Amino acid sequence: FGDSTHILAEVFLLFALILLLHTAVNIRRTHLLSLVNSVSVWWHVLGVAAIVLVLIVVPDTHQSFDFVFTERINNSGFSDGMYWFYVLPLGFLLTQYTITGFDASAHISEETHDASTAAAKGVWRSIFYSALIGWIVLLAITFAATDVNAVNEAAGFSPSIFESALGAGWAKFILIISVVGQLFCGAACLTSASRMCYAFSRDKGFGHRASGVLSRVNKDRVPIYAVLAMAAAALVITLPALKGNGEDVPFAFFAVVSITVIGLYIAYVIPIFLRWRKGDEFEVGPWNNGRKYKWMNAFSTFWVGLITIIFCLPFTPAAVPWNDEFTWESFNYAPLMVGVVILLAAITWFASARKHFTGQVREIEIEKEIGEEPAVGPSRP
């Protein structure tokens, strides 16, 4: 929009317009959504390849292997003595935040052919390829980060690496690929959220009245009310982004979303822990980890517990409450937000949800309840 005076409001307006576009895509027939997802896959594959190629070919110079694999730069404000046991673990946030969304295969399993195996394979493949290709991209970016001062002055902002190494033209080329990729990801996130909302409401997870509305599908078998509800929730939860400090940094929004990575991984690890606790009594599906689940599930549970603690720690000395430099703008709100969400979930469960939510409702049970064969979902399970 080009107006630096009202940048937060204008960015929020742009977000609302993008969210409207995502909603329109998601309430159309699933064939359109399938086409968008197919284009998204190829965009990410070819786009990432193009970015890596540009970062290898275009820069006149690159960093040495010694710099990339041994150089340590501590801009956290904490002493170098805290690097290995505190500063470095805080860096795990980047990796953990990047490798998310792999559960989308499960969320849309009811619209997936041979879901009992395809959804499970989709989960582990998305993790594997995200880790492998993501590592290659990070290496390419780090090798191209020859102007260390420019990167430090921009507080590690990745476009500063592109512009200092490639020039404005190629930097914009990379950012265009990234922005379009994010647009595809936004549409996929709304798809995943709406299907999860639909499934939970179908199982009477929101009470009879709300569940009855959110579990409805239109003539094209799209859970339209679940899509609209999730889009509205995304809009509301982003409202704090309208408030910022004197430098237009939306710290209030950062406080709200500080729970995102922690919340995702806690949700991921709950069924992993329950399957581990159930042991050999658990009835496995056609695709499973066999006996390896014992150490895999144990390690996963331990790891999520560890990163949950790490991500609740202050990221800078200014976020330490008893520090003289403490500011609420730097404070890590993650532990407060996690506590609030768990408290609200507990209150909701004991006050209402436990009375009507008894687990997955089988399609045959729905048919018996209403006396006919309904269109209970985007497709027949």
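Computed from a predicted model, the values in this text were never measured in an experiment.

For the rest of this paragraph, the subject is the overall build of the chain. Counting its regular elements, the chain contains 17 helices and zero strands. Relative to the globule expectation of 21 Å for 381 residues, the C-alpha radius of gyration of the chain, 23 Å, shows essentially globular dimensions. Projected onto its principal axes, the C-alpha positions of the chain cover 70 × 50 × 45 Å. Considering the chain as a whole, with its 381 residues, one finds that 31% of them fall into the buried category. Contacts in the chain between residues far apart in sequence, at least 24 positions, make up 65% of those at least 6 positions apart.

Here we come to the packing of helix H10 (residues 168-202) against helix H12 (residues 224-237). Where H10 contacts H12, the axes come no closer than 8 Å and their chain directions differ by 120°. What the angle tells us is that H10 and H12 run oblique. The chirality of how H10 crosses H12 is right-handed. Counting all contacts with H10, which are made through Leu190, Ala193, Ser194, Arg195, Cys197 and Tyr198, the residues of H12 involved are Ala226, Val227, Met230 and Ala231. Classifying every residue of the contact of H10 with H12 by side-chain character gives eight nonpolar, one polar and one charged.

Here the chain averages 84 in pLDDT, and 93% of its residues register 70 or above. Highest mean pLDDT in the chain belongs to H12 (93); lowest belongs to helix H17 (residues 363-370) (52). Contacts of residues 372-377 to residues separated by more than four positions or lying in other chains number 15 contacts, the stretch itself having pLDDT below 50.

This part is about the nonpolar core. Phe78, Phe102, Ile262, Tyr265 and Phe311 are the most contacted members of the largest nonpolar core, which totals 20 residues. At the level of elements, helix H4 (83-90), helix H14 (260-278), helix H15 (293-311) and helix H16 (334-356) are the ones that each hand at least two residues to this core. For this core, the element with the most residues is H14, which contributes five residues. One finds Ile51, Val54, Ala140 and Leu166 within the second-largest nonpolar core, a separate group that totals 17 residues.

A word on the side chain of Ser194. Mapped onto the elements, Ser194 comes out in helix H10. With sequence-adjacent residues up to four places away left out, Ser194 is seen in contact with Ala226, Val227 and Met230.

Before going further, it helps to examine a nonpolar patch on the surface. Together, Phe65, Phe69, Trp124, Phe128, Tyr129, Leu132, Ile133, Trp135, Ile136 and Trp287 give the surface a local cluster of nonpolar side chains, amounting to about 1100 Å² of exposed area. Within the residue set of the nonpolar patch, elements represented by two or more residues are helix H3 (65-70) and helix H7 (115-144). Among the elements that make up the nonpolar patch, the one with the highest residue count is H7 (seven residues). Tracing the backbone through its elements, the reader meets Phe128 in helix H7.

Below, the discussion takes up the pattern of salt bridges. Overall, the coordinates contain three salt bridges when judged by the stated rule. A salt bridge links Arg202 to Asp203; the nearest nitrogen and oxygen atoms lie 3.4 Å apart. A relative accessible area of 9% means that Asp203 is categorised as buried. With a closest N to O distance of 2.9 Å, Asp280 and Arg291 form a salt bridge.

Looking at the secondary structure, you find Asp103 in the loop between helix H5 (92-98) and helix H6 (104-107). Given the relative accessible area of 17%, Asp103 is considered buried. Considering only alpha carbons, one finds Asp103 and Ala154, 51 residues apart in sequence, at a separation of 33 Å.

Two elements in contact, helix H1 (residues 7-26) and H10, have axes whose closest approach is 9 Å; the angle formed by their N-to-C orientations is 55°. Looking at the two axes, H1 sits oblique to H10. For the crossing formed where H1 meets H10, the hand is right-handed. The residues of H10 that touch H1, namely those facing Ile18, His22, Thr23 and Asn26, are Leu183, Gly186, Ala187, Leu190, Thr191 and Arg195.

In this section: the packing of aromatic side chains. Following the criterion strictly, the structure yields 19 aromatic pairs and no others. What links up through ring pairs into an aromatic cluster is the set Phe326, Trp328, Phe331 and Tyr333. Positioned above the aromatic ring of Tyr293, the side-chain terminus of Arg275 is 3.6 Å from the ring centre.

A positive phi angle is found at Lys204, which is not glycine, with a value near 65°. Examined against the element boundaries, Lys204 turns out to sit in the loop between H10 and helix H11 (208-214).

On the secondary structure map, Pro89 appears in helix H4. When the C-alpha positions of Pro89 and Ile310 are compared, they lie 6.9 Å apart, and in sequence the two are 221 residues distant. Ignoring any residue separated from it by four or fewer positions in sequence, one finds Pro89 in contact with Tyr83, Trp84 and Ile310.

Criteria and thresholds
- Residues numbered from 1 in each chain as written.
- Predicted model: local features only at pLDDT ≥ 70, side-chain atom pairs only at ≥ 80, totals over all residues.
- Heavy atoms only, no water.
- Helix = DSSP H or I, 4+ residues; strand = E, 2+ residues; numbered from the N terminus.
- Rg over C-alpha atoms; globule rule 2.2 N^0.38 Å.
- Buried < 20%, exposed > 50% of the residue type's maximum accessible area, 1.4 Å probe, protein only.
- Contact = heavy atoms within 4.5 Å.
- Axes fitted to C-alpha atoms, helices over the stretch in contact; angles between N-to-C directions.
- Parallel < 35°, antiparallel > 145°, perpendicular 65-115°, else oblique.
- Left-handed = near helix turned anticlockwise from the far one by under 90°.
- Nonpolar A, V, L, I, M, F, W, Y, C, P; charged D, E, K, R; others polar.
- pLDDT = per-residue confidence, 0-100.
- Core = buried A, V, L, I, M, F, W, Y, C linked by side-chain atoms within 4.5 Å.
- Patch = residues over 30% accessible without salt bridge, like charges linked within 9 Å, V, L, I, M, F, W, Y side chains within 5 Å.
- Areas by Shrake-Rupley, 256 points an atom, 1.4 Å probe, with all protein chains shown as cover.
- Salt bridge = Lys/Arg side-chain N within 4 Å of Asp/Glu carboxyl O.
- Phe/Tyr/Trp six-rings, centres within 6.5 Å; stacked < 30°, edge-to-face > 60°.
- Lys NZ or Arg CZ within 6 Å of the ring centre and 35° of its normal.

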